[in-house]
Amino acid sequence: MTQPHPPQGPLEGLRVLDIATVFAGPFAAALMGDMGAEVLKVEMPGTGDPLRALGPFQGDTSLTWAASARNKKSVTLDLRTDAGQEILLKLVAEHDVVIENFRPGTLTRWGVPVERLREANPDLIVVHVSGFGQDGPLAHKAGFGTPATAYSGFAHISGFPDRPPVLPSVSLVDYLTGMYAAMGALAALYQLRVGRGGPDDVDVALYESMFRMLEVVVTEYDVLGQVRQRSGNELAASSPAGIYETRDGQWMVIVTSTERTFARLAAAMEREDMLTDPRYSTNRERLARRTEVNQILADWTATLTRDEVAARLDEFSVPASAVYDVADIFGDEHYAARDMLVKVDHPDLGPITMPGVVPKFERHPGSVRSAGPGLGEHTQEVLEQLGYDPAQINALRSEGVI
């Protein structure tokens, strides 16, 4: 059994009940756990969260679960049973926030609607995460992050114009939705603390979390009637911007989002003539000739190694970065200095590395205290704290409730 360190961070003392599954809702709980909240994960007996079955694996251990379920305790509980619901309500009474991501209406169908949860805890904040929100004509549909990427409009603009749309290689929508869910929970807690009405329900939809990021795409269509299309690595707002190959076959991302940064880039390339040439002197003109401008920059980076390009651009304060892979990150001194690679003990794998805590807090830093727990690892401990004796716990286990 893992023995996590005591919670620490700005949310120390907050108690979060995570009855969600897979990514978005559980990620919200994990973020709050990073910041010191005590997070209790509720899983189905026998199978647990489906996240446990997702790869990659080391032996029989899911590395996805080990990393994504950090800073949590695990209890098994069948929420569809009367006995399971009785335990759930006792847990609700002791927690500040419940995070769920079942299809809208599922908890009500099982017999534990929000109203019943609030009978157990009148100040409870309930965070609902779903594919399409709690209302609207599509609320009933199954929702996963990858289809939400398409429904949000993001997939359509991702990729190159002569190729099919490209999906993110990580669960981007789920992670983004988890951040909104955590932010919503904290906003609702603040509202409750300052006395602006009673506890709130937070409704977070997967597709809306990504759609919120497309604000300029929306306004562009509304005002100009233009449907944003795929543009590869180019940016619609500024030029030059993109990924450029260096002499040694490496890649650099270089962006000039302001006229000042373009002036610095021109100086770094020894192309100050572009600053007075009417074809390139303003961002609007460069956007009109973005292919030509990108080629000028690509021709320059091709004459230098990656390290030479990076040094030259740093000298002139041009925003740029080498395209890192994860091996580069493990060897980077800045990642190390910022504690963005942390070692966490795992009962089967030994010490494993995870991303550090974001954001940083100077006075009350968060922490990664434990890897993903074993299925039901803390069930006995939690039920004993609720007043159940060994005979009762054994009976619940034999009945499949836990």
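In this report, the structure presented in the accompanying data block is examined. In this text the structure is predicted, and so the values were computed from the model without any measurement. (Residues numbered from 1 in each chain as written. Predicted model: local features only at pLDDT ≥ 70, side-chain atom pairs only at ≥ 80, totals over all residues. Heavy atoms only, no water.)

Okay, a nonpolar patch on the surface next. A grouping of Ile243, Trp251 and Val323 is seen on the molecular surface, where their side chains present a nonpolar patch of about 250 Å² in accessible area. By secondary structure assignment, the location of Val323 is in the loop between strand S11 (320-322) and helix H14 (326-330). A relative accessible area of 38% places Val323 in the partly exposed class. (Patch = residues over 30% accessible without salt bridge, like charges linked within 9 Å, V, L, I, M, F, W, Y side chains within 5 Å. Areas by Shrake-Rupley, 256 points an atom, 1.4 Å probe, with all protein chains shown as cover. Salt bridge = Lys/Arg side-chain N within 4 Å of Asp/Glu carboxyl O. Helix = DSSP H or I, 4+ residues; strand = E, 2+ residues; numbered from the N terminus. Buried < 20%, exposed > 50% of the residue type's maximum accessible area, 1.4 Å probe, protein only.)

A few words now on the nonpolar core. In this structure, Val16, Met32, Val97, Ile99 and Val127 are the most contacted members of the largest nonpolar core, which totals 32 residues. By size, the runner-up hydrophobic cluster in this structure holds 28 residues, among which are Leu79, Leu88, Val92 and Leu383. (Core = buried A, V, L, I, M, F, W, Y, C linked by side-chain atoms within 4.5 Å.)

So, about unusual backbone geometry. Residues Gly55 and Pro56 are joined by a peptide bond in cis, for which omega reads 5 degrees. Examined against the element boundaries, Pro56 turns out to sit in the loop between strand S2 (38-43) and strand S3 (57-58). Residue Pro240 is reached from Ser239 by a cis peptide bond, and omega for that bond is 0 degrees. Its place among the elements puts Pro240 in the loop between helix H9 (215-224) and strand S9 (241-245). Of note, the phi angle at Val22 is positive, near 60 degrees, even though the residue is not glycine.

Applying the stated criterion across every chain yields a total of six aromatic pairs. Relative to Tyr175, the ring of Phe23 lies with its centre 5.7 Å away and its plane at 65 degrees, an arrangement referred to as edge-to-face. Placement of Phe23 in the loop between strand S1 (15-18) and helix H1 (24-34) and of Tyr175 in helix H7 (residues 172-193) is noted, with a sequence separation of 152 residues between them. On the accessibility criterion, Phe23 (13% relative accessible area) is buried. In this structure Tyr175 comes out as partly exposed when scored by relative accessible area, which is 27%. With 5.0 Å between their ring centres and 65 degrees between their planes, Phe102 and Trp110 make a pair best called edge-to-face. Here Phe102 falls in the buried class, since its relative accessible area comes to 17%. (Phe/Tyr/Trp six-rings, centres within 6.5 Å; stacked < 30°, edge-to-face > 60°.)

Such coordinate-based values are descriptive only and should not be taken to indicate function.
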